[in-house]
Amino acid sequence: MDRLKISGGNPLKGTVQISGAKNAALPCLAASLLATSDISLVNLPAVEDIRIMISVLKSLGCEVSTKESEDKLELTATISTGNLGKCELIAPYELVKKMRASILVLGPLLARFGMASVSLPGGCAIGSRPVNLHLSALEQMGATISIDGGYVQATVPNKELQGIDHTFEKVSVGATEHLLMTACLARGTTILRNAAMEPEIGDLARMLQKMGAEITGIDSPILTINGLSELGGCQHTVISDRIEAGTFMCALAIAGGDIVLERVEPENLRPLIEVLKLSGCKIDETNGSNKQLRISRDPDKTLTARDVVTAPYPGFPTDLQAQVMAVMTQANGTSIIKENIFENRFQHAMELERLGANLKLDGRLAYVSGPTPLSGCTVMATDLRASAALVIAGLVAKGEVFVDRIYHLDRGYAGIERKLQSLGANVHRVKGGRV
Ligand code: EPZ
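In this text, all values refer to a predicted model and were calculated from it rather than measured experimentally.

**Q** Explanation requested: the overall build of the protein chain in the structure shown.
**A** When you go through the protein chain residue by residue, the secondary structure sums to 14 helices and 25 strands. For the protein chain, the C-alpha radius of gyration of 22 Å lies close to 22 Å, the compact-globule estimate for 435 residues. If you line up the protein chain on its principal axes, its C-alpha atoms span 65 × 45 × 40 Å. Evaluated residue by residue, the protein chain yields a buried proportion of 57% over its 435 residues. When contacts within the protein chain are restricted to residue pairs at least 6 apart in sequence, those whose partners lie at least 24 apart make up 75%. Taken as a whole, the protein chain presents about 16400 Å² of accessible surface, with 50% of it coming from carbon and sulfur. Of note, the protein chain has its 44 positive side-chain charges centred 3 Å away from the centre of its 46 negative side-chain charges.

**Q** Help me understand the side chain of Ser279, please; the structure alone is not making it clear to me.
**A** Mapped onto the elements of the fold, Ser279 is located in helix 9 (residues 270-279). A polar contact is formed between the side chain of Ser279 and the backbone oxygen of Thr304, at a distance of 2.6 Å. Not counting residues up to four positions away in its chain, the partners in contact with Ser279 are Leu303, Thr304, Arg306 and Met328.

**Q** Would you mind showing me how to read the pattern of salt bridges here?
**A** When the charged atoms of two side chains lie near each other, side chains of opposite charge can form a pair. Taken as a whole, this structure holds 23 salt bridges when the rule is applied. Across the pair Lys431 and Asp2 runs a salt bridge, and its minimum N-O distance is 3.3 Å. With Lys431 in the segment after strand 25 (426-430) and Asp2 in the segment before strand 1 (3-7), this residue pair connects regions lying 429 residues apart in the sequence. The exposure class assigned to Lys431 is exposed, which follows from its relative accessible area of 65%. The closest approach of N and O atoms between Arg411 and Asp49, which form a salt bridge, is 2.7 Å. Taken as a pair, Arg411 in the loop between helix 13 (407-410) and helix 14 (416-422) and Asp49 in helix 2 (residues 48-59) lie far apart in primary sequence, 362 residues in all.

**Q** Just checking my understanding: could you explain helix 2 for this structure?
**A** One turn of an α-helix holds 3.6 residues; hence residues three or four places apart share an orientation. Taking 1.5 Å of rise per residue, the 12 residues of helix 2 would be expected to cover 16 Å, and the 16 Å separating its terminal C-alpha atoms lies within 8% of that figure. Of all the residues in helix 2, the buried ones are Asp49, Ile50, Ile52, Met53, Ile54, Val56 and Leu57. If you follow the buried residues of helix 2, they end up packed against helix 1 (22-31), strand 3 (39-45), strand 4 (63-68), strand 5 (74-80), strand 6 (90-91) and helix 3 (93-96). Two residues or fewer after helix 2 comes Gly61, characterised by a positive phi angle close to 110°.

**Q** Mind showing me how you'd approach the side chain of Thr81 here?
**A** Take Thr81: it is sitting in the loop between strand 5 and strand 6. Judged by its relative accessible area of 3%, Thr81 is buried. For Thr81, the side chain forms a polar contact with the main-chain oxygen of Ala35, separated by 2.6 Å. At a separation of 3.2 Å, a polar atom in the side chain of Thr81 contacts the side chain of Arg112. Once you skip the residues sitting within four places of it in the chain, Thr81 turns out to touch Ser32, Leu33, Ala35, Thr36, Cys62 and Arg112.

**Q** Looking at this structure, how should I read the packing of helix 4 (residues 106-113) against helix 6 (residues 173-183)?
**A** Between two packed helices, both the angle of their axes relative to each other and the distance between the axes serve to describe the pair. The N-to-C vectors of helix 4 and helix 6 enclose an angle of 15°; their axes lie 8 Å apart at closest approach. Compared by their axis directions, helix 4 and helix 6 come out roughly parallel. Of the two possible hands of crossing, helix 4 and helix 6 adopt the one that is right-handed. Where helix 4 abuts helix 6, its residues Leu106, Gly107, Pro108 and Ala111 lie against His178, Met181 and Thr182. Here the contact of helix 4 with helix 6 is built from residues that sort into four nonpolar, three polar and no charged.

Conventions we followed
- Residues numbered from 1 in each chain as written.
- Predicted model: local features only at pLDDT ≥ 70, side-chain atom pairs only at ≥ 80, totals over all residues.
- Heavy atoms only, no water.
- Helix = DSSP H or I, 4+ residues; strand = E, 2+ residues; numbered from the N terminus.
- Rg over C-alpha atoms; globule rule 2.2 N^0.38 Å.
- Buried < 20%, exposed > 50% of the residue type's maximum accessible area, 1.4 Å probe, protein only.
- Contact = heavy atoms within 4.5 Å.
- Areas by Shrake-Rupley, 256 points an atom, 1.4 Å probe, with all protein chains shown as cover.
- Lys, Arg positive; Asp, Glu negative; His and termini not counted.
- Charge placed at Lys NZ, Arg CZ, Asp CG, Glu CD.
- Polar contact = N/O pair within 3.5 Å; in protein donor to acceptor, adjacent residues only side chain to side chain.
- Salt bridge = Lys/Arg side-chain N within 4 Å of Asp/Glu carboxyl O.
- Expected span 1.5 Å × (residues − 1).
- Axes fitted to C-alpha atoms, helices over the stretch in contact; angles between N-to-C directions.
- Parallel < 35°, antiparallel > 145°, perpendicular 65-115°, else oblique.
- Left-handed = near helix turned anticlockwise from the far one by under 90°.
- Nonpolar A, V, L, I, M, F, W, Y, C, P; charged D, E, K, R; others polar.

All we've got here are geometric facts, nothing functional implied.
Below, the structure written as structure tokens:
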């Protein structure tokens, strides 16, 4: 298995292009199942999760052609659903277990064909990740759902899903995306209340509108969808990845230096911008056509510890919690980090401790005291964002840090080591490194 070798101590300098958002691209790919003509998706990040979702669409009978950018960091995909429904509508366990967002194909298949069988995704390192909110809302729309052999077996008895007035019992990004896209082909009007408002949901809604969907309340907690009998194709460019951008901002915050992020949406990064500014970074935004964000920090000036509480958007994103924890190991004072979204999202803490960090965990609270010098050793990535946190810590560790199991990293970051190298970091991929 590949591993990353990082030698710390270099401040970062230069410009980095932020890729398209994995978490916008995945629901957009699933939503292409709703279209009776071709969908073209641009600015997809060339990462494993996207490749798996494309495999899921192909396993359902879609024709998907992809074009890779010269730098191999971006994909364009054209999806044709002409042959959909001519083979069994099964999303297999082998694919779904690797990429849980595959569950999003269930609703569109039910809406178009009245039946589907999708493997239950199962849990992952950061939590049990149930899908009860998805399934109960689909049942309220008229689906009959049973769990059999680890698969969700679903049918729509009278072939048509009905619009519902539904209040989610808890804010869920995936459940909001799932019901939003499914409601576009239901009979009548659907109102989704207590809906998630992450920017990736707004991006999905705007793509659905290009396909002809009638949606109001976008970027608000109440979405109203008037169901239609058919949706057409479209071309859509997915939004910039705010989590990748935030990851590079945390890399700068810990290493010091001066970098410019290109193709970034500062509006989607407000909570992190606030924390890093108050902690001692200088951040300037240029909101022209080519959105940029410049962040700098004098490497000789120590950061100040800040508290962080994760929450649904527009709160501090849980997907940046691990990265900011790595930063706070080098800040003056104690940072209290509260993880409110997932029950087990501190796996990176134990690995940061191996590097020398001074952390104390108490349930959903992490107390991070700094600045503590970090020293190189081998650490293990446990999930996508935890691995990013270990890379960030490696940028300031004395000696060499080896990050194992970086297949986690490859799920959501296109060419992260190349991008960091271009900013002056001493990071290299070791092919087939020790297990
Ligand atoms: C999305 O996951 C993201 N993934 C996650 O990013 C992100 O951490 C999460 O939203 C929260 O922002 C994608 O978009 C592909 P949720 P999702 O449903 O939709 C509970 C990354 O690193 N819940 O908003 O699965 C759930 O257990 C990934 O890119 C239920 O109880 O998250 C969690 O505690 C990691 N029942 C909370 O809700 C359900 O049916 C929020 O989960 C669904 C969720």
